[in-house]
Amino acid sequence: MIRVLHTGDWHIGQTLRGFSRESEHEAVFARLETIVVEREVDALVVAGDVFDSQNPSGESQARFYALMARLHAARPAMTIVITAGNHDAAGRLEAPRPLLEAIGVHVVGNVRRRDGAIDLERHLVPVRSAGGEVAAQVLAVSYPTAACLPPLSSLGAERRIGETSPIVRAVRDLYGQLFEAARPRLAGLPLLVTGHLHVAGGLESEGAERRILVGGEHAVPADVFPEEARYVALGHLHRAQGLGGGQVRYCGSLIPLSAAEQPYRHGVTLVTLGTGAAEIEHIEIPRPVPFLRLPASGDMPLADLGDHLAALALAPDLPLEARPYIQVRLAREGLLPGYRAEVDRIAESFPVRVVDVRVSVPPRAAIEIVEPEAPPPRLSERDPEELFRLAYRAKWDEEPEPAHLDVFHRARAEA
């Protein structure tokens, strides 16, 4: 019996409307250390988006490496598998691989091939039991960039009924190639497969998760993964949720990464692999900082905001990093231009951090005015593929085709 802890979407270095999340990350990482010890975890799987930016700061990288060292010290026999997400620079994440492997950390960036065939040594990670024997295998797969996918020209004519998208076929073919390469080594052992992409049916967080599949696609069906997999550990969507009967699962993020995630139950997923179906348990991680909605339901006139903030009865000397995040819901009736500045003026008298202000509109309009949560990202934080698409549209007044994206990602991978 093997215990695997599934986590992901850490987004180290993220800020929320300009507020640092450093202290929150330290708190949830400390809880992660406790869980791996208390639950006697054999393997920790991180399903992408380790960092919030492809160019993480030195402090963010130091926090990540320090965590790896602490986890190894806390549970020396535990295998750690980390895959790159769309927010990560795969090459940068993989760069210290020789050093990390010395403490049982296996990092997988882009899909690796040798002479056109899958380099299985980079993707299949054995998990050992307490007795030291191999008791399960992890097939580690990162975010599927165009450079990772099989060339579209190589795809066979066969396709699932109703499946018309060449990108979905390419993702299916990628997982098929990986599994066929791994099959001879499985020897009946439980197989856990990872992924960082949007699976159809998964619920998104408004404004928090990019639509990331190449070629203009949004989501893939849950059956692109090998049916032999006992469990599929997914990253990208921040809400913990199961798909495909439950064995295809997003563990969700460790903390709320946008105001839309205020109602979520963030945490990690403990997967027990034995002779039968995987046993799945969601372990909720308490929020280091409260995230409150004012009012708790409905909306309110702006004039009532001060009363709601006073009712929280917060200590006036509360440190900045401990102050609760606040989402404000205002009634539209009687609201004057400049209301956002007035919200800030009222809130500055209280130890809170207002990160979202929304104004309701009459029900017949069935829409909502949403105040932006953050300023536009810096160039260094923009996804390279997104910038390529913008440049291509500006030059040719049309979307790049999959072949163009394939060339772009191959050039980027070689840079």
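Per an unreviewed UniProt entry, the chain goes by Nuclease SbcCD subunit D and derives from Methylorubrum aminovorans. Database annotation for the chain, UniProt heading Sequence similarities (unreviewed entry): "Belongs to the SbcD family." Word for word, the UniProt comment on the chain under Function (unreviewed entry) is "SbcCD cleaves DNA hairpin structures. These structures can inhibit DNA replication and are intermediates in certain DNA recombination reactions. The complex acts as a 3'->5' double strand exonuclease that can open hairpins. It also has a 5' single-strand endonuclease activity."

Trainee: Any chance you could break down the overall build of the chain for me, citing the residues and the numbers?
Mentor: A count of helices and strands for the chain gives ten helices and 20 strands. Long-range contacts, defined as pairs at least 24 residues apart, comprise 71% of the intrachain contacts of the chain with a sequence gap of at least 6. In the form shown here, the chain has an accessible surface area of approximately 18,700 Å², with 53% of it arising from carbon and sulfur atoms.

Trainee: Tell me what's going on with the pattern of salt bridges, and back it up with residues and numbers.
Mentor: In a structure, side chains of opposite charge can pair up when their charged atoms sit close to one another. All chains considered together, the criterion is met by 18 salt bridges. For the salt bridge of Glu-33 with Arg-70, the shortest nitrogen-to-oxygen distance reads 2.7 Å. Here the residue Glu-33 occupies a position in helix H1 (residues 22-38), and Arg-70 occupies one in helix H2 (residues 58-74), the gap between them amounting to 37 residues. Looking at Arg-70, the relative accessible area reads 28%, which means it is partly exposed. Overlapping salt bridges bring together Glu-22, Glu-26, Glu-33, Arg-63 and Arg-70 as one network.

Trainee: Could you give an account of the packing of H1 against H2, naming the residues involved and the relevant values?
Mentor: Relative to each other, H1 and H2 sit at 20°, their axes nearing to 10 Å. The angle between H1 and H2 places the two elements in the roughly parallel class. Relative to H2, H1 is oriented so that their crossing is right-handed. Here H1 contributes Glu-22, His-25, Glu-26, Phe-29, Glu-33, Val-36 and Val-37 to the contact with H2, which in turn contributes Arg-63, Leu-67, Arg-70, Leu-71 and Ala-74. Looking at the contact of H1 with H2 residue by residue, the class counts come to six nonpolar, one polar and five charged.

Trainee: I'd like a rundown of the nonpolar core, residues and numbers included.
Mentor: Leu-5, Trp-10, Val-50, Phe-64, Met-68 and Ile-82 are the most contacted members of the largest nonpolar core, which totals 33 residues. Where this core is concerned, the elements lending two or more residues are H1, strand E4 (43-47), H2, strand E5 (79-83), helix H3 (90-94), strand E6 (105-108) and strand E15 (267-273). Tallying contributions element by element places H1 first for this core, with five residues. Beyond its immediate chain neighbours, meaning those up to four positions away, Phe-64 contacts Trp-10, Ile-12, Val-50, Phe-51, Ile-82 and Leu-93. The next biggest cluster of nonpolar side chains, apart from the first, holds 31 residues, and it includes Ile-118, Val-168, Phe-225 and Val-232.

Trainee: Which residues make up the pairing of strand E16 (residues 279-284), and what values do they have?
Mentor: Relative to E16, E15 is paired through six bridges, and the arrangement is antiparallel. The residue of E16 that forms the bridge with Gly-267 is Glu-284. In this structure, the hairpin formed by E15 and E16 is closed by a connection of five residues.

Trainee: Account for the packing of aromatic side chains, with residues named and values stated.
Mentor: Enumeration according to the criterion identifies five aromatic pairs in this entry. With 4.9 Å between their ring centres and 80° between their planes, Tyr-175 and Phe-225 make a pair best called edge-to-face. A residue pair is termed long-range when its members are at least 10 positions apart, and Tyr-175 in helix H6 (residues 166-186) and Phe-225 in the loop between strand E11 (191-196) and strand E12 (231-235) qualify at 50 residues. Clustering of aromatic rings is evident, with ring pairs tying together Phe-51, Phe-64 and Tyr-65. Just above the ring of Phe-19 sits the side chain of Arg-353; from NZ or CZ to the centre is 5.4 Å.

Trainee: Can you break down the pairing of E15 residue by residue, with the values?
Mentor: The element E15 is extensively covered by neighbouring structure, given that seven of its seven residues are classed as buried. Inspection of the sheet shows strand E1 (residues 2-7) paired to E15 by five bridges, in the antiparallel sense. Paired with Val-4 across the bridge in E15 is Val-271.

Trainee: Report on the side chain of Arg-340, specifying residues and quantitative values.
Mentor: Looking at the secondary structure, you find Arg-340 in helix H8 (residues 339-347). At 2.6 Å, the side chain of Arg-340 forms a polar contact with the side chain of Asp-344.

About the criteria used
- Residues numbered from 1 in each chain as written.
- Predicted model: local features only at pLDDT ≥ 70, side-chain atom pairs only at ≥ 80, totals over all residues.
- Heavy atoms only, no water.
- UniProt positions renumbered as here; feature names shortened; annotations may be inferred.
- Helix = DSSP H or I, 4+ residues; strand = E, 2+ residues; numbered from the N terminus.
- Contact = heavy atoms within 4.5 Å.
- Areas by Shrake-Rupley, 256 points an atom, 1.4 Å probe, with all protein chains shown as cover.
- Salt bridge = Lys/Arg side-chain N within 4 Å of Asp/Glu carboxyl O.
- Buried < 20%, exposed > 50% of the residue type's maximum accessible area, 1.4 Å probe, protein only.
- Axes fitted to C-alpha atoms, helices over the stretch in contact; angles between N-to-C directions.
- Parallel < 35°, antiparallel > 145°, perpendicular 65-115°, else oblique.
- Left-handed = near helix turned anticlockwise from the far one by under 90°.
- Nonpolar A, V, L, I, M, F, W, Y, C, P; charged D, E, K, R; others polar.
- Core = buried A, V, L, I, M, F, W, Y, C linked by side-chain atoms within 4.5 Å.
- Pairing = 2+ DSSP bridges.
- Phe/Tyr/Trp six-rings, centres within 6.5 Å; stacked < 30°, edge-to-face > 60°.
- Lys NZ or Arg CZ within 6 Å of the ring centre and 35° of its normal.
- Polar contact = N/O pair within 3.5 Å; in protein donor to acceptor, adjacent residues only side chain to side chain.

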